[in-house]
Amino acid sequence: MQLQVEISIHEPSPSRVGERRAMLRACGGASPAAAAAVPALVRARLAKQASSAAHAAATATASASSSLSALGEVAAGRKGLARVVLKKGKTQIFRDGSPMVYSGAVDRIIGRPPPKTGDVVLVADGAEKPIGWGLYNSVSMFCVRLMQLEEEAKRDPTCALNMERLLEARILSAVDLRRSLGLPSVHTNAYRLINSEGDRLSGLIVDIFADVAVVASSAAWVEKYRHEIQFLVNKVSDVNHIKWRSSTDILKEEGLDVSEQKDPESSSHCGTVEVMENDVLYLVSLEGQKTGFYADQRENRHFISTLSKDQRVLDLCCYSGGFALNAAKGGANNVIGIDSSASALDLANKNIILNKLDTQRISFVKEDATAFMKGAISRNEVWDLVILDPPKLAPRKKVLQSASGMYRSLNALAMQVVKPGGLLMTCSCSGAMTQSGLFLRTIQGAASMTGRKVTVLRQAGAACDHPVDPAYPEGRYLCNYLLRVT
């Protein structure tokens, strides 16, 4: 065997081969005297060559073994596991962590029978080498929602291709993160536990309101794993009830019709729950907008309380009175909240009583915000501090231009009801507007329209329990500016 390695490496002449054979017999023979006849230098050289050959063979074996990826090894034992192969040049964005594999990035799907919506699939590059795994959708523009990358599976293979284990790990991680942020606390028991892509569970949102968990589902896989999600959320301390809210319109785009689906938990809990946020009490409607309460503005609401002492405050599009209540708690002389929703204002008025506030200092009016501001301008009425937090005006990029006009008009009116040198906190919860970077330019345009000058004092977004994955900037939707208006 050693002779064959020697020949393949050095290709010596036939005479030299015979000489080496004699030497090899001498080295391996039974007689010590015969071995001693071989020069020491030759024996050392032969031993070194044999060792190099063995090392090369071992390296080749290790290389062949390592060529099989961590996910590939797990997948080898899974029959019927489909592979979604990406187009050339489309791989890096997903290697970098973008969780949404859009259908235009897919070259082909390998698997018979083809995968169904909700199935676990491998996602591979053009050479069919796995880069991660996720959950498939045969209808949605998002073909796969990536759940774990190859490098993550190498570090921790326990969750590889196992959605139940991954769900448990991600939810426990979300709980630990909120605990590290001080949530819940004796001052706050309303917060976001799971923030979709920000917590690596795209399509799943969970808000905690006291002992009620509200689950907002906007992906087919969430509906498929509903029982597993409910079981795990129920294990979170202090959670006694779960309210499941399916986003009907979004799920239709995912190929699911849940319009007739009933929530068995709905009958086990009343329609409202009392929560506390920074020592301010609120009634939350479990049938209200979104999940029932906008926990994303928690830090911005608290900031308003620090600015409000002895001020006249106007809260436009106030919903259940979040900013207005904080202003009143902060010592404002007079606070008025405006909203066009009677049900929202019913909650707001109950919140006045809940917080034992003086109804002479805080009140709510049912009126369209635009109409109210125009009326105030005609009366030359102004406020020290104005908050403008309108609903989502640009749900999609295609309406961004028209939405920009609406934001400009609203802000132009708001600037006219701020006293010279006063403050305006203006917000956009439209992801398309926030991600475009156009909101500040729109505000500047509003100032130019009205002959006002604005100065940015503070820029903020959603509260810290709404994490954003930098690989998915589309998760950043809330923009909040505090402005001085002169």
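Residues numbered from 1 in each chain as written. Predicted model: local features only at pLDDT ≥ 70, side-chain atom pairs only at ≥ 80, totals over all residues. Heavy atoms only, no water.

Asker: What am I meant to see in the nonpolar core here?
Answerer: The tendency in soluble globular proteins is for nonpolar side chains to be buried side by side. Grouped together as the largest cluster of nonpolar side chains are 40 residues, with contacts concentrated most on W133, M163, L167, L204, V206, W221 and I229. Two domains each provide a minimum of three residues to this core, namely domain 1 (76-160) and domain 2 (164-263). Once residues lying within four places of it in the same chain are set aside, the contact partners of L204 are I194, N195, S196, V215, A216, W221, V222 and I229. Membership of the second largest hydrophobic core comes to 36 residues, among which are L413, A414, V454 and C479. (Core = buried A, V, L, I, M, F, W, Y, C linked by side-chain atoms within 4.5 Å. Buried < 20%, exposed > 50% of the residue type's maximum accessible area, 1.4 Å probe, protein only. Domains from an automatic or database assignment. Contact = heavy atoms within 4.5 Å.)

Asker: Please explain the packing of aromatic side chains as it appears in this structure.
Answerer: How two aromatic rings sit relative to each other is set out by the distance from centre to centre and by the angle between their planes. Applying the stated rule across the entire model yields eight aromatic pairs. With centroids separated by 6.0 Å and ring planes inclined at 40 degrees, the aromatic side chains of F439 and Y481 adopt a geometry described as tilted. Placement of the pair is F439 in helix α18 (residues 439-450) and Y481 in strand β19 (residues 479-485), with a sequence separation of 42 residues. Positioned over the ring face of F303 is R458, at 4.3 Å from the centre of the ring. (Phe/Tyr/Trp six-rings, centres within 6.5 Å; stacked < 30°, edge-to-face > 60°. Helix = DSSP H or I, 4+ residues; strand = E, 2+ residues; numbered from the N terminus. Lys NZ or Arg CZ within 6 Å of the ring centre and 35° of its normal.)

Asker: Would you explain helix α14 (residues 342-354) in this entry?
Answerer: Each full turn of the α-helix corresponds to 3.6 residues, which orients residues three or four apart in the same direction. Between its first and last C-alpha atoms α14 spans 18 Å; for 13 residues at 1.5 Å apiece the expected length is 18 Å, and the two agree. Every buried residue of α14 is accounted for by A344, L345, L347, A348, N351 and I352. Taken down its axis, α14 places every buried residue within 155 degrees of arc, on the same side. Residues S343 and I353 are exposed on α14 and point more than 90 degrees away from its buried face. Close packing links the buried residues of α14 with β11 (272-277), β12 (280-285), α13 (322-329), β14 (334-339) and β15 (362-366). K356 lies just past α14 and shows a positive phi near 55 degrees. (Expected span 1.5 Å × (residues − 1). Arc of directions from axis to C-beta.)

Asker: For this particular structure, what's the right way to read the sheet that holds strand β9 (residues 212-217)?
Answerer: Strands pair in a sheet through their backbones, by hydrogen bonds, and they do so in one of two ways: parallel or antiparallel. Read across the sheet, four strands follow the order β7-β8-β9-β10 without closing on themselves; strand pairing throughout is mixed. Strands at the two margins of the open sheet, each flanked by one partner only, are β7 (190-195) and β10 (241-246). Neighbour-to-neighbour, the strand axes of the sheet open up by a mean angle of 20 degrees, direction not taken into account. With five bridges connecting them, β7 and strand β8 (residues 204-209) associate as antiparallel partners. Bridge pairing in β8 places I194 opposite V206. Here helix α10 (residues 226-234) sits on the sheet in contact with β8, β9 and β10, set at roughly 145 degrees to β10. (Pairing = 2+ DSSP bridges. Axes fitted to C-alpha atoms, helices over the stretch in contact; angles between N-to-C directions.)

Asker: Help me understand unusual backbone geometry, please; the structure alone is not making it clear to me.
Answerer: The bulk of non-glycine residues show a negative phi, and the bulk of peptide bonds are trans. Of the consecutive residues R112 and P113, the connecting peptide bond is found in the cis state with omega at -5 degrees. Considering the arrangement of structural elements, one finds P113 in the loop between β3 (106-110) and β4 (120-124). The linkage connecting L183 with the following residue, P184, adopts the cis geometry, with an omega of -5 degrees. Within the fold, P184 resides in the loop between α8 (163-180) and β7.

Asker: Whenever I open this one, the pattern of salt bridges confuses me. Can you help?
Answerer: Should their charged atoms come close, side chains of opposite charge can pair. Enumeration over the complete set of coordinates arrives at 17 salt bridges. Across the pair R108 and E128 runs a salt bridge, and its minimum N-O distance is 2.9 Å. Linking R108 in strand β3 with E128 in the loop between β4 and β5 (130-136), this pair joins segments that are 20 residues apart in sequence. Ionic pairing is found between K116 and D119, a salt bridge with its closest N-O pair at 4.0 Å. Residue K116 is classed as exposed on the basis of its relative accessible area of 56%. The network of salt bridges with common partners includes D107, R108 and E128. (Salt bridge = Lys/Arg side-chain N within 4 Å of Asp/Glu carboxyl O.)

Asker: Even after reading the chapter, I still don't get the sheet that holds strand β13 (residues 312-316), so can you show me in this structure?
Answerer: Ordered in space as β15-β14-β13-β16-β17-β19-β18, the seven strands form an open sheet in which the pairing is mixed. At either margin of the open sheet sits one strand with a lone partner, and together these are β15 and β18 (454-460). With direction set aside, neighbouring strand axes in the sheet form an average angle of 15 degrees. In the sheet, β13 pairs with β14 via five bridges, with the strands oriented parallel.

Asker: Just to check I follow, could you spell out the environment of V382 for this structure?
Answerer: By the secondary structure assignment, V382 is in the loop between α15 (369-378) and β16 (383-388). With near-sequence residues (within four places) excluded, V382 lies in contact with R312, Q416, V417, V418 and K419.

Asker: What is the right way to read the pairing of β8 from this model?
Answerer: Within a regular beta strand, the side chains point alternately toward one face of the sheet and then the other, so they alternate between its two faces. When you tally the buried positions in β8, you get five out of six residues, the bulk of the element. Here β8 runs beside β9; their pairing, made up of six bridges, is antiparallel. Paired with I205 across the two strands is A216, which belongs to β9. Here β8 folds back onto β9 in antiparallel fashion, the turn holding two residues, of which A210 has a positive phi close to 60 degrees.

Asker: Teacher, can you tell me more about α13 here?
Answerer: Of all eight residues making up α13, seven are buried, and the element is well covered by its neighbours. The complete set of buried residues in α13 reads G322, F323, A324, L325, N326, A327 and A328. Positive backbone phi, approximately 95 degrees, marks G331, located one or two places after α13.

Asker: What is the right way to look at the side chain of S404 in this model?
Answerer: Secondary-structure assignment places S404 in helix α16 (residues 400-416). Not counting residues within four places of it along the chain, the set of residues in contact with S404 comprises M433 and T442.

Asker: Explain the packing of α15 against α16 here, please?
Answerer: Geometrically, a packed helix pair is captured by the angle between its two axes and the distance between the axes. The contact between α15 and α16 brings their axes to 9 Å, and the two run at 35 degrees. For the pair α15 and α16, the crossing hand works out as left-handed. Residues T370, M373, K374 and I377 of α15 touch α16, and the partners they reach there are L410, L413, A414 and Q416. (Left-handed = near helix turned anticlockwise from the far one by under 90°.)

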